[in-house]
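Structural overview for review
So you can see what is in the structure, the chains are spelled out below.
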Amino acid sequence: IWWGLVGAFAQDFSVERYAVEINLREEGDFEVVETYDVNFFYHKHGIYRDILTSYTLETEKGSREKRQILISDIEVPGHLFEASGKIAQKIEGKARIKIGDPNKTVVGPVHYEIRYRVENALLFEEEFIRFYWNLKPPDWLAVFKDISFTLNLPPQTPAAPNQVFLYTGPVGITAQSRDFEVQIQENVISGTSKNGFVSNRGEAVTLLVNLPKGSIEENRPLWPFWTRYGWVLILAVVASVFYWLFRKYGKDAPAPQVISYFPI
């Protein structure tokens, strides 16, 4: 219950400073490190972080495609935490990281660091490979007052300035943000929010980077296939079990052989 109370009121805590660093690998996955300087106004046990893992998007051809990403290697140094496993992520459509001690409360400033790996999140399209990620998602109930980010691309993949787009504000906004100072130096993209910037509930900070084709490997993992065709595998397994049970127990026992006598 106490986890629900953390998010029940928007004014229970604020995020005074938030920084996120992302390291994108040539293999197609990326590592994320998020740091939060949180100020609790009342005694609370901790916070939770939800990461969307199942969603539907519109492709460049106009068709709708269901995506399933995977969050793994979750760490929260210095804090007790619980995290959703692979199966829970597929069922619930999100990875939830609960941070805090159910037997203790905190108040005032607290520092958190969350580390995790993201797989199957890149969009491989005809013209570009798209890195598209919510640096700060819209579902946070707290106010974010200071945000900075760094995206480290693979060493041999410099960023093209005209292919870097940052969006801030309500979900669905299409105008590029003027709330950040963005710098691009070869394969490093970084940004810092301007003075006075505040991100509220329902508002996101989203980064889109178009990368050249061939710069990232396209590895299609098992779980997207499972999402689409897993029911076929389940039916095959069930059919195999029934067949095995029938072979073992379903056949009638052979009739006993009786000696018959005939007149000669």
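The present account deals with the structure reproduced in this document.

Rules behind the numbers
Residues numbered from 1 in each chain as written. Predicted model: local features only at pLDDT ≥ 70, side-chain atom pairs only at ≥ 80, totals over all residues. Heavy atoms only, no water. Helix = DSSP H or I, 4+ residues; strand = E, 2+ residues; numbered from the N terminus. Buried < 20%, exposed > 50% of the residue type's maximum accessible area, 1.4 Å probe, protein only. Contact = heavy atoms within 4.5 Å. Areas by Shrake-Rupley, 256 points an atom, 1.4 Å probe, with all protein chains shown as cover. Pairing = 2+ DSSP bridges. Axes fitted to C-alpha atoms, helices over the stretch in contact; angles between N-to-C directions. Salt bridge = Lys/Arg side-chain N within 4 Å of Asp/Glu carboxyl O. Core = buried A, V, L, I, M, F, W, Y, C linked by side-chain atoms within 4.5 Å. 1 Å grid on protein atoms, 1.4 Å probe; cavity = no way out; pocket = protein on both sides within 12 Å on 5 of 7 lines; lining within 4 Å. Points joined across faces, edges and corners; volume = space filled by probe spheres on them. Nonpolar A, V, L, I, M, F, W, Y, C, P; charged D, E, K, R; others polar.

1. Focus: the overall build of the protein chain
Along the protein chain, the regular secondary structure elements total 3 helices and 17 strands. The buried share of the protein chain, reckoned over its 264 residues, is 42%. Long-range pairs, those at least 24 residues apart, make up 72% of the contacts in the protein chain with a sequence separation of at least 6. Summed over its atoms, the accessible surface of the protein chain is roughly 15900 Å², and 55% of this surface lies on carbon and sulfur atoms.

2. Brief notes about the sheet that holds strand S7 (residues 81-83)
Within a beta sheet, neighbouring strands are joined by backbone hydrogen bonds and run either parallel or antiparallel to one another. Strand order across the open sheet formed by 3 strands is S3-S8-S7, with antiparallel pairing between neighbours. Whereas interior strands pair on both sides, the edge strands pair on one side only; in this sheet they are strand S3 (46-52) and S7. Within this sheet the neighbouring strands show an average axis-to-axis angle of 10°, counted without direction. Pairing analysis gives 3 bridges linking S7 to strand S8 (residues 94-100), with the strands arranged antiparallel. The residue bridging glutamate 82 from the neighbouring strand is lysine 98, located in S8.

3. As for the pattern of salt bridges
Any two side chains of opposite charge can pair, given that their charged atoms come close. With the rule as written, the count across this model stands at 12 salt bridges. Note that glutamate 113 is salt-bridged to arginine 115, the shortest N-O span being 2.6 Å.

4. Things to note about the nonpolar core
Grouped together as the largest cluster of nonpolar side chains are 49 residues, with contacts concentrated most on Phe30 and Trp133. A per-element tally of this core places strand S1 (residues 13-24) first, with 6 residues. When neighbours within four sequence positions are excluded, tryptophan 133 is seen to be in contact with Ile22, Phe30, Ile51, Ile69, Tyr116, Val118, Ala121, Val205, Thr206 and Leu207.

5. Description of unusual backbone geometry
We note that asparagine 120 has phi near 65°; this positive angle belongs to a residue other than glycine. Judged by its relative accessible area of 18%, asparagine 120 falls in the buried class. The residue glutamate 186 is not glycine, and still its phi comes out positive at about 55°. Take glutamate 186: its relative accessible area is 64%, and that puts it in the exposed class.

6. Side note on the layout of surface pockets
Estimates place the volume of the largest pocket at around 970 Å³. For the largest pocket, the lining is made up of 32 residues, of which Tyr55, Tyr132, Trp133, Asn134 and Thr206 are closest to its centre. In terms of residue class, the lining of the largest pocket is made up of 17 nonpolar, 7 polar and 8 charged.

7. Concerning the sheet that holds strand S17 (residues 203-212)
Spatially, S10-S11-S17-S14 is the arrangement adopted by the 4 strands of the open sheet, whose pairing is antiparallel. If you trace the sheet from one side to the other, it starts and ends with strand S10 (123-124) and strand S14 (164-170), each paired once. Bridge count for strand S11 (residues 128-136) against S17 is 8 bridges, and the pairing is antiparallel. Of the residues in S17, the one forming a bridge with lysine 136 is valine 205.

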